[in-house]
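One-letter residues, chain by chain:
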Amino acid sequence: MKFDTAYSVSLDDKLSIYDVRELNFDETAAYDSDKDRFLCPNDACRAAFETGNVLGTYNAKNVNYQRTPHFKNTPSTEHIEGCRYASSHKPAAGESDDAREDNFPSEFVLTRRTYARITPVVDAEGQAPQAPAQTPSGRPPAAVSASDGTPDKTSVFAHPVECYVSNIDHKDKLKAMPLKIGEHSATYWAFFKKIEYLQDNHGLIYWGKIKAIKDYTSSFRIDFEKKVWLDKKPYSVNVYLSKKLIENYRKRKAFLEQIKAAASSERPLYCFFYGVTPALKQVPSKKNPEQTFGVFSANIENLDHLIIREVPMLE
Ligand SMILES: [Zn+2]
């Protein structure tokens, strides 16, 4: 059983695993998920146990992951009867329980979520934020409360991207799941646009296979393998990431680890980004500076809205 969300004791709030990853990589926040405790998101179930009844995490800290991050039961995690997070459903042989992200947020929020803090977990003795409630005798508590629902919005780009990537062979599902970004509502299928078709529409999530990553003095350049065709001519596509932007990024270390590993990787990698649409520009030719050539290019403005990763199902 994988969990889309869990209750964090140190934040006194429900978090997705993508929120946890954000917090782990954020160098401006003192947070380490190994020191936090994650409990069942079902309020009634959580209230029935001590705060030692924890869940485990999967891929909470791995910068470059292939398999979907999630919360999971540990061998000793207990749930009340009827809790939908109890491990009653055992995956059938050959069926991998955690191979897909099936919690599709219906909105990708462009402003970052702020996480309210509470006192650290260490001195929670006797003042646990969620005091174990007494179960009324003879009557099991309601297993599912109204607030048990999965958070429907996310501000972490990796989350909708994981939904898309892990379900890339489920076209019907992607066409059925709604997604809202800013003022624009569409489906997951419509929002993710292959880079070679970027002229079809502005304001989408563009993605494509990376041909090369160039490390320049003041920027990185990501070149895409596929070209854009305009007036029967092919044009290269690239995006620039300013090193100044990276220097000031709150997840600087994780980002540099990701892009440096990608630049030297032999494995097929893909870049996903949102917020800018590469446009046709004339740039001087290296060999002959008097000449120019056309290229579709954009400067990435927000590193939160760019991801480099593998897409295992395409290989
Ligand atoms: Zn539970």
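Residues numbered from 1 in each chain as written. Predicted model: local features only at pLDDT ≥ 70, side-chain atom pairs only at ≥ 80, totals over all residues.

Asker: What is the right way to look at the overall build of the chain in this model?
Answerer: Looking only at helices and strands, one finds 7 helices and 19 strands in the chain. Within the span of the chain, comprising 315 residues, buried residues form 33% of the whole. Contacts spanning at least 24 positions in sequence make up 66% of the contacts within the chain whose residues lie at least 6 apart. (Helix = DSSP H or I, 4+ residues; strand = E, 2+ residues; numbered from the N terminus. Buried ≥ 20, exposed ≤ 12 C-beta atoms within 10 Å, placed from the backbone. Contact = placed C-beta atoms within 7 Å.)

Asker: What should I look at first to understand the pairing of strand 3 (residues 13-16) in this one?
Answerer: The two faces of the sheet receive side chains in turn, since in a regular strand these alternate between them. Note: strand 2 (residues 5-8) against strand 3, 4 bridges, orientation antiparallel. Directly across from Tyr7, in strand 3, lies its bridge partner Lys14. Between strand 2 and strand 3, which pair antiparallel one after the other, the connecting turn spans 4 residues, and Asp12 there sits at a positive phi close to 50 degrees. (Pairing = 2+ DSSP bridges.)

Asker: Any chance you could explain the sheet that holds strand 2 here in plain terms?
Answerer: Paired through backbone hydrogen bonds, the strands of a sheet run either parallel or antiparallel to each other. Spatially, the 3 strands line up as an open sheet ordered 3-2-4, and their pairing is antiparallel. Either end of the sheet is taken by a strand with one partner, and the two such strands are strand 3 and strand 4 (38-39).

Asker: Mind showing me how you'd approach the environment of Asp13 here?
Answerer: Following the sequence through the fold, Asp13 ends up in strand 3. You can call Asp13 partly exposed: it has 15 C-beta atoms within 10 Å. Sequence separation between Asp13 and Phe38 is 25 residues; the distance between their C-alpha atoms is 10.0 Å. Leaving out residues up to four positions away in the same chain, Asp13 has contacts with Ser8, Tyr115 and Ala116.

Asker: Any chance you could explain the pairing of strand 2 here in plain terms?
Answerer: Residues Thr5 and Tyr7 point to one face of strand 2 and Ala6 and Ser8 to the other, with burial holding for every one of them. By the bridge criterion, 2 bridges tie strand 2 to strand 4 in an arrangement that is antiparallel. Residue pairing across strands places Tyr7 opposite Leu39, the latter belonging to strand 4.

Asker: In this structure, what is going on with unusual backbone geometry? I would like to understand it.
Answerer: Most of the time, phi is negative for any residue but glycine, and the peptide bond is trans. Of note in this structure, Asn59 is not a glycine but carries a positive phi near 60 degrees. Along the chain, Asn59 turns up in the loop between strand 5 (55-58) and strand 6 (70-73). Since 18 C-beta atoms lie within 10 Å of it, Asn59 is described here as partly exposed. Unusually for a residue other than glycine, Lys232 sits at a positive phi of about 65 degrees. Residue placement: Lys232 occurs in the loop between strand 14 (228-230) and strand 15 (233-242). Residue classification places Lys232 among the exposed residues on the basis of 5 C-beta atoms within 10 Å.

Asker: Please clarify how the sheet that holds strand 6 should be interpreted in this entry.
Answerer: If you walk across this open sheet you meet the 3 strands as 1-6-5, and the pairing is antiparallel. In this open sheet, the two edge strands, each paired with only one partner strand, are strand 1 (2-3) and strand 5. Sheet topology note: the strand 1/strand 6 ladder contains 2 bridges and is antiparallel. Bridge pairing links Lys2 to Lys72 in strand 6.

Asker: Whenever I open this one, the environment of Thr51 confuses me. Can you help?
Answerer: With respect to the element layout, Thr51 can be found in the loop between helix 2 (43-47) and strand 5. A C-alpha to C-alpha distance of 9.8 Å links Thr51 and Cys40, two positions 11 residues apart in sequence.

Asker: Mind showing me how you'd approach helix 3 (residues 158-166) here?
Answerer: For an α-helix the count is 3.6 residues per turn, leaving residues at separations of three or four pointing the same way. Among the 9 residues that make up helix 3, 9 are buried, leaving the element largely enclosed by the rest of the structure. Every buried residue of helix 3 is accounted for by Ala158, His159, Pro160, Val161, Glu162, Cys163, Tyr164, Val165 and Ser166.

Asker: How do you make sense of helix 1 (residues 17-25) when you look at a structure like this?
Answerer: Among the 9 residues of helix 1, 9 are classified as buried, and the element is accordingly described as predominantly covered. Residues of helix 1 that are buried in the fold lie against strand 3, strand 5, strand 6, strand 8 (153-154), helix 3 and helix 7 (252-263).

Asker: Hey, could you run me through the environment of Lys260 in this one?
Answerer: Take Lys260: it is sitting in helix 7. The class of Lys260 is partly exposed, set by 13 C-beta atoms lying within 10 Å. When the C-alpha positions of Lys260 and Ile213 are compared, they lie 8.9 Å apart, and in sequence the two are 47 residues distant.

Asker: Sorry, what's going on with the confidence of the model for the chain here?
Answerer: Caution applies to low-pLDDT regions: their predicted coordinates should not be interpreted in detail. Of all residues in the chain, 85% attain a pLDDT of 70 or more, and the chain-wide mean is 86. pLDDT under 50 marks residues 91-95. Its contacts with residues more than four places away, or in other chains, come to 2 contacts. Every residue in residues 118-148 is under pLDDT 50, and counting partners more than four places away or in other chains gives 48 contacts. (pLDDT = per-residue confidence, 0-100.)

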